[in-house]
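Here is how the chains run, residue by residue.
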Amino acid sequence: MAAVYKLSSVCRRGVHPLLYQSALLARPAAILQKRREPPCLLTARIHSSQALHSGADSKAASMHWTAERVLSIALLAMGPVAYYSPGPVIDYSLAAALTLHGHWGIGQVLTDYVHGDAKVKMANAGLFLLSTVTFAGLCYFNYNDVGICKAVALLWSK
């Protein structure tokens, strides 16, 4: 905007730049300043130290990432298997896989959005409690009721 203002003041004096309407001239880099200020040099510091989480932890993080992807693919495969051959093995496998998938997913949300040592400890304790109650509830449902597979089939049949 300032560049257009400068160009319009030049044009009022009788000087017409070649590409006055061009978008290239409307960039702030083409602004001439009235007052002279010393140029501001932008500097950056480059640290050559190693990353904080390198070494054995990076291997564990890589294995965790791989395990998350394997679990997601296993959950995709469990859907048709649970539909075509429901049973207690699939019910308990779904209970464990769904609980672990939810635990890892909510754990990533907590990692991204919860900061501060005390808050992180409270959030992780709550997450472990939630995951334990979820797994226990699904196992209770599988043992004392129709199971996850048949429950979903009953929902779809109505």
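By the naming in an unreviewed UniProt entry, the chain is Succinate dehydrogenase [ubiquinone] cytochrome b small subunit, taken from Oryzias melastigma. A UniProt comment under Pathway (unreviewed entry) is attached to the chain, and it reads "Carbohydrate metabolism; tricarboxylic acid cycle." Listed in UniProt under the heading Subunit (unreviewed entry), the comment for the chain reads: "Component of complex II composed of four subunits: the flavoprotein (FP) SDHA, iron-sulfur protein (IP) SDHB, and a cytochrome b560 composed of SDHC and SDHD."

This paragraph deals with the packing of aromatic side chains. The full count for this structure, using the stated rule, is 2 aromatic pairs. Ring geometry for Tyr83 versus Tyr84: centroids 5.0 Å apart, planes at 80°, classification edge-to-face. Geometrically, the ring pair formed by Tyr83 and Trp156 is tilted, given 6.3 Å between the ring centres and 50° between the ring planes. Highlighted residues: Tyr83 in helix α2 (residues 56–84) and Trp156 in helix α5 (residues 148–157), separated in sequence by 73 residues. We classify Trp156 as exposed; its relative accessible area is 63%. One aromatic cluster is present, formed by Tyr83, Tyr84 and Trp156 through successive ring pairs.

In terms of nonpolar packing, the biggest core is built from 11 residues, these being Leu71, Leu75, Met78, Ala82, Ile90, Leu94, Ala95, Ala97, Trp104, Ile148 and Cys149. Broken down by secondary-structure element, the contributors of at least two residues to this core are α2, α3 (88–113) and α5. The leading source of residues in this core is α3, at 5 residues. Not counting chain neighbours up to four residues away, the residues in contact with Met78 comprise Ser93, Leu94 and Ala97.

There is a patch of nonpolar side chains on the surface, built from Tyr83, Tyr84, Val152, Leu155 and Trp156 and spanning about 690 Å² of accessible area. Elements with a contribution of two residues or more to the nonpolar patch: α2 and α5. With 3 residues, α5 is the single largest residue contributor to the nonpolar patch. Checked against the element boundaries, Leu155 lands in helix α5. Classification of Leu155 as exposed rests on a relative accessible area of 67%.

What counts, and at which threshold
- Residues numbered from 1 in each chain as written.
- Predicted model: local features only at pLDDT ≥ 70, side-chain atom pairs only at ≥ 80, totals over all residues.
- Heavy atoms only, no water.
- UniProt positions renumbered as here; feature names shortened; annotations may be inferred.
- Phe/Tyr/Trp six-rings, centres within 6.5 Å; stacked < 30°, edge-to-face > 60°.
- Helix = DSSP H or I, 4+ residues; strand = E, 2+ residues; numbered from the N terminus.
- Buried < 20%, exposed > 50% of the residue type's maximum accessible area, 1.4 Å probe, protein only.
- Core = buried A, V, L, I, M, F, W, Y, C linked by side-chain atoms within 4.5 Å.
- Contact = heavy atoms within 4.5 Å.
- Patch = residues over 30% accessible without salt bridge, like charges linked within 9 Å, V, L, I, M, F, W, Y side chains within 5 Å.
- Areas by Shrake-Rupley, 256 points an atom, 1.4 Å probe, with all protein chains shown as cover.
- Salt bridge = Lys/Arg side-chain N within 4 Å of Asp/Glu carboxyl O.

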